[in-house]
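Inside the fold
Take a look at the letters that make up each chain.
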Amino acid sequence: MGNASSMLTQYDIEEVQEHCNNLFTQHEIVSLYKRFCQLDRNAKGFISADEFLSVPEFAMNPLSQRLLTMVDGLNFKDFVAVLSAFSAKATASQKIGVIFKVYDRDGKGNVTFSDIIEVLKDLTGPFMSDKQREEVLCQLLQESGYTRESSLLLDDFIQVHLFVESSYLTLAHCLNFCTFE
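What you see is a predicted model, and the numbers here were worked out from it, not measured in a lab.

Secondary-structure assignment places Glu143 in helix α9 (residues 130-143). Residue Glu143 is classed as partly exposed on the basis of its relative accessible area of 30%. With 21 residues separating them along the chain, Glu143 and Val164 place their C-alpha atoms 8.8 Å apart. Within the local environment of Glu143, its side chain forms a polar contact with the side chain of Gln139, the two groups lying 2.4 Å apart.

Rendered as structure tokens:
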């Protein structure tokens, strides 16, 4: 399993389906396999960073360099597992878990103020100053019960996200607290 010259067996499909917690149907897994084989141009059984960057939507993503650390060298089974977080059937916690990994660049299982600031820089570019980013993040953390010194574990990160969602706190709302130059 994993290169363009091989075909998926029913056993392979069921194994991948189980590996991704049944978030994809068997038909969807076959479709994903076809896409995987298209990306795996050299039929190595895994997708390299360069192959991921050949997808225009991926290459244009402001977080593509961060995402590459998560996806470089994925075999088909792990490729599907990563994509499963983007399935309509995935839970909010599963989706937030993938987002957490984007923020947790060093893979130590926690996200710091500076980790979040770096992602905000990637996302906002020159449209926000460093001061504005810090003010927005401090306000968000304060309103959700954390400080800039907090080191967020996955459960904390989920709580912050749920707080934001439940209080209708959006980036636009946070921007009202910023002093614009």
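Next up on the list: the side chain of Gln139. Structurally, Gln139 can be placed in helix α9. According to the relative accessible area criterion, Gln139 is buried, its value standing at 15%.

Next up on the list: helix α8 (residues 113-124). Look at α8: 16 Å from first C-alpha to last across twelve residues, which is about the 16 Å you get at 1.5 Å a residue. Residues of α8 that are buried: Phe113, Asp115, Ile116, Ile117, Val119, Leu120 and Thr124. Those residues of α8 hidden inside the fold are in contact with α5 (64-71), α7 (92-103) and α9. Positive phi appears at Gly125, one or two residues downstream of α8, with a value of about 55°.

This part is about the nonpolar core. Counting 45 residues, the largest nonpolar core has Phe52, Phe76, Phe79, Val80, Leu137 and Leu152 as the members making the most contacts within it. With six residues, helix α2 (residues 26-39) is the single largest residue contributor to this core. Split by domain, the residues of this core number at least three in each of domain 1 (9-89) and domain 2 (91-180). If we skip the residues at most four places from it in the chain, Leu152 touches Phe100, Gly109, Asn110, Val111, Ile116, Leu141, Tyr146, Phe157 and Val160.

This part takes up the packing of helix α1 (residues 10-19) against α2. Where α1 meets α2, the closest approach of the two axes is 10 Å, and the angle between their N-to-C directions is 100°. Of the possible angle classes, the one that applies to α1 and α2 is roughly perpendicular. For the pair α1 and α2, the contacting residues are Gln10, Ile13, Glu14, Val16 and Gln17 in the first and Gln26, Ile29 and Val30 in the second.

Looking now at α5. Counting buried residues in α5 gives six out of eight residues, a clear majority hidden from the surface. Residues of α5 that are buried in the fold lie against α3 (49-53), α4 (56-60), α6 (76-84), α7 and α8. Downstream of α5 by a residue or two, Gly73 has a phi angle that is positive, lying close to 85°.

Moving on to the packing of α7 against helix α10 (residues 154-166). Interaxial distance between α7 and α10 falls to 10 Å at its minimum, and their mutual angle equals 115°. Relative to α10, the element α7 is oriented roughly perpendicular. Read as a crossing pair, α7 and α10 show a hand that is right-handed. Residues Ser93, Ile96, Gly97, Ile99, Phe100 and Tyr103 of α7 form the contact with α10, whose own contacting residues are Leu154, Phe157, Ile158 and His161. Across the contact of α7 with α10, the residue classes break down as seven nonpolar, three polar and no charged.

About the cut-offs
Residues numbered from 1 in each chain as written. Predicted model: local features only at pLDDT ≥ 70, side-chain atom pairs only at ≥ 80, totals over all residues. Heavy atoms only, no water. Helix = DSSP H or I, 4+ residues; strand = E, 2+ residues; numbered from the N terminus. Buried < 20%, exposed > 50% of the residue type's maximum accessible area, 1.4 Å probe, protein only. Polar contact = N/O pair within 3.5 Å; in protein donor to acceptor, adjacent residues only side chain to side chain. Expected span 1.5 Å × (residues − 1). Contact = heavy atoms within 4.5 Å. Core = buried A, V, L, I, M, F, W, Y, C linked by side-chain atoms within 4.5 Å. Domains from an automatic or database assignment. Axes fitted to C-alpha atoms, helices over the stretch in contact; angles between N-to-C directions. Parallel < 35°, antiparallel > 145°, perpendicular 65-115°, else oblique. Left-handed = near helix turned anticlockwise from the far one by under 90°. Nonpolar A, V, L, I, M, F, W, Y, C, P; charged D, E, K, R; others polar.

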